[in-house]
Amino acid sequence: MMSKQSAVSQGEVASSFMMVQQQIDAICKKIRISETCRLRLRECERELIVHFPVKMDDGQVKVFTGYRVQHNDSRGPSKGGIRYHPDVTLDDTRALAALMTLKAAVVNIPYGGAKGAVACNPRVLSQNELERLTRRYASEISLLIGPERDIPAPDVGTNPQVMAWIMDTYSMNKGYSVLGVVTGKPIELGGSKGRLEATGRGCVICARLAGKHLGMSLEGARVVVQGFGNVGATAARLLAKEGGQIMGVSDSKGGIYNPRGLDVESILSHKEETGSVVDFKKAENITNAEFLGLECDILIPAALEHTLHEGNAASVKAKIVIEGANGPITTEADKILYDNRVFIVPDILANAGGVVVSYFEWVQGIQSFFWSESEVNHRLQAVLSNAFHEVFDMGQHQKVDMRDAAYMLAVKRIADTMEARGIFP
Ligand code: NAD
């Protein structure tokens, strides 16, 4: 096997986007991608920064900063979520946009990658403030988005209601309803059945395939899930349905653990009542640091970036890690896990279920012809299992791990399109 090298030289602190650039550089070198393609892929094609005013409920006006970044649209319209988070930066948005280009290419859907963000804390905004902020942000970025240009979707801090406001704002400015401008919409507004669960469902499909490769069944597998939001809670619920034993789950307030297994539906009710998984009666509270060292077969980090780092990666006992979140493992942690022979299904494959069903939603909207939930799930299973096998085969052929293999497959597909299109003018 090829040895894993830290992408950051000593003393240098790499930003999220620098880490992605370094990975792209390394992969381009390994599979001999042309210098022109490498230089194009390591930058984002378009970046818009907006500063816009929002009237708050108390009559004050606050100015917010937002971004929309399109990384590369060689394979089709740009696609990527919108994040509302107080700490989000242009650099994070660039990194997430680049991951979207790679993700769409790995699962072979006809999209490029984009990402949007507003630096704000949605938890402290009223519904009216959130709506005004969203509508103004949507107007500000409307020169970039559109069903054939760039299609946003929900990410951390946004949800189907936010997508409905963006769709309505864009449609009002056009003068007619444009369903295909966003995905992740409410079902009654042209959302796809199965979209809400798609990312978690994709994690389970990948866990099943990884388990098969290692001779491990999901039935009876001991599972630990970090982050109990859309992705983590869905993955935990679906894994429990397949006979997996959920040993521990966590959220930003802490973790809970029961060596005899946890009942996911009861934790969901407890979280609904109290706002957190912590203090669940039939479990022990543990810190987030203890949590990652729990004995288990499968670990699903489904919270935020860089939660597995140099300081905690060595404590991981899992045989399989499914990256439900985007970029949850730092370069240094990746090397530690690799040396400990942990089988990692990388984010651009493991959490691609969301963008695949977003693609289905876009297709259904354009055709005004909507599918049943079982049809959506069946097609998702087919797309992801095909992508998993292509990545696995690439890994075997090139003698690299799943992360490098996924990058190789994606970069090669994007480079082939760029070569075929050439350079304008
Ligand atoms: P979410 O906001 O619904 O859930 C995030 C969860 O993580 C919450 O339970 C939060 O309390 C928890 N959390 C935050 N910090 C934590 C920490 N340090 N330790 C433990 N838990 C922590 O968000 P989501 O939509 O589930 O997204 C989670 C991740 O998955 C993000 O990286 C996102 O970019 C990625 N992702 C989401 C989708 C999707 O369809 N929702 C698709 C692809 C990728």
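Structure: see above.
Residues numbered from 1 in each chain as written. Predicted model: local features only at pLDDT ≥ 70, side-chain atom pairs only at ≥ 80, totals over all residues. Heavy atoms only, no water.

*Asks:* How would you explain the packing of aromatic side chains if you had to name every residue and give the values?
*Replies:* Counting across every chain of the model gives seven aromatic pairs. Taken together, a centroid distance of 6.2 Å and an interplanar angle of 35 degrees make the contact between Phe-52 and Tyr-137 tilted. Taken together, the residues span a long stretch of sequence, with Phe-52 in strand β1 (residues 46-55) and Tyr-137 in helix α4 (residues 127-140) at a distance of 85 residues. With respect to class, Phe-52 is no different from Tyr-137; both count as buried. (Phe/Tyr/Trp six-rings, centres within 6.5 Å; stacked < 30°, edge-to-face > 60°. Helix = DSSP H or I, 4+ residues; strand = E, 2+ residues; numbered from the N terminus. Buried < 20%, exposed > 50% of the residue type's maximum accessible area, 1.4 Å probe, protein only.)

*Asks:* Can you explain the site of the ligand? Please cite residues and give values.
*Replies:* The environment of the ligand is made up of 21 residues, and the closest members are Asp-155, Thr-199, Asn-230, Val-231 and Asn-326. Note that an oxygen atom of the ligand is positioned 3.0 Å from one of the backbone N or O atoms of Asn-230. Burial of the ligand by the protein chains amounts to 81% of its free accessible area of 830 Å². At the level of elements, α6 (195-214), α7 (230-241) and β7 (245-251) are the ones that each hand at least two residues to the shell around the ligand. (Near = heavy atom within 4 Å. Polar contact = N/O pair within 3.5 Å; in protein donor to acceptor, adjacent residues only side chain to side chain. Areas by Shrake-Rupley, 256 points an atom, 1.4 Å probe, with all protein chains shown as cover.)

*Asks:* Talk me through the sheet that holds strand β11 (residues 320-322); I want residue IDs and the actual numbers.
*Replies:* The strands that make up a sheet pair up through hydrogen bonds in the backbone, lying either parallel or antiparallel. Pairing is mixed in the open sheet, where seven strands are placed in the order β9-β8-β7-β6-β10-β11-β12. Here the strands that pair on one side only, and so sit at the sheet edges, are β9 (284-286) and β12 (343-345). For this sheet, the mean inter-axis angle between neighbouring strands, taken without regard to orientation, is 20 degrees. Two elements, strand β8 (residues 254-257) and β9, share three bridges in a ladder whose sense is antiparallel. Bridge pairing in β9 links Ile-256 to Asn-285. Across the sheet, α6 is in contact with β10 (298-301), β11 and β12; its angle to β11 comes to roughly 160 degrees. (Pairing = 2+ DSSP bridges. Axes fitted to C-alpha atoms, helices over the stretch in contact; angles between N-to-C directions. Contact = heavy atoms within 4.5 Å.)

*Asks:* If you had to explain α6 to someone new, which residues and values would you point to?
*Replies:* Taking 1.5 Å of rise per residue, 20 residues should cover 28 Å, and α6 covers 29 Å from first to last C-alpha, within 8% of that figure. At Arg-201, α6 shows its maximal bend, which comes to roughly 25 degrees. For α6, the tally of buried residues reaches 15 of 20 residues, placing the bulk of the element in the interior. (Expected span 1.5 Å × (residues − 1). Bend = angle between axes of the 7 residues up to and from the residue.)

*Asks:* So, the sheet that holds strand β3 (residues 78-84): which residues are in play, and what are the values?
*Replies:* Strand order in the open sheet formed by five strands is β1-β2-β4-β3-β5, with mixed pairing between adjacent strands. Lying at the two open borders of the sheet, with one neighbouring strand each, are β1 and β5 (150-154). When the angles between neighbouring strand axes are averaged without regard to direction, this sheet yields 20 degrees. Packing of α4 onto the sheet brings it into contact with β1, β2 (61-72), β3 and β4 (112-118), and relative to β1 it is tilted by some 145 degrees.

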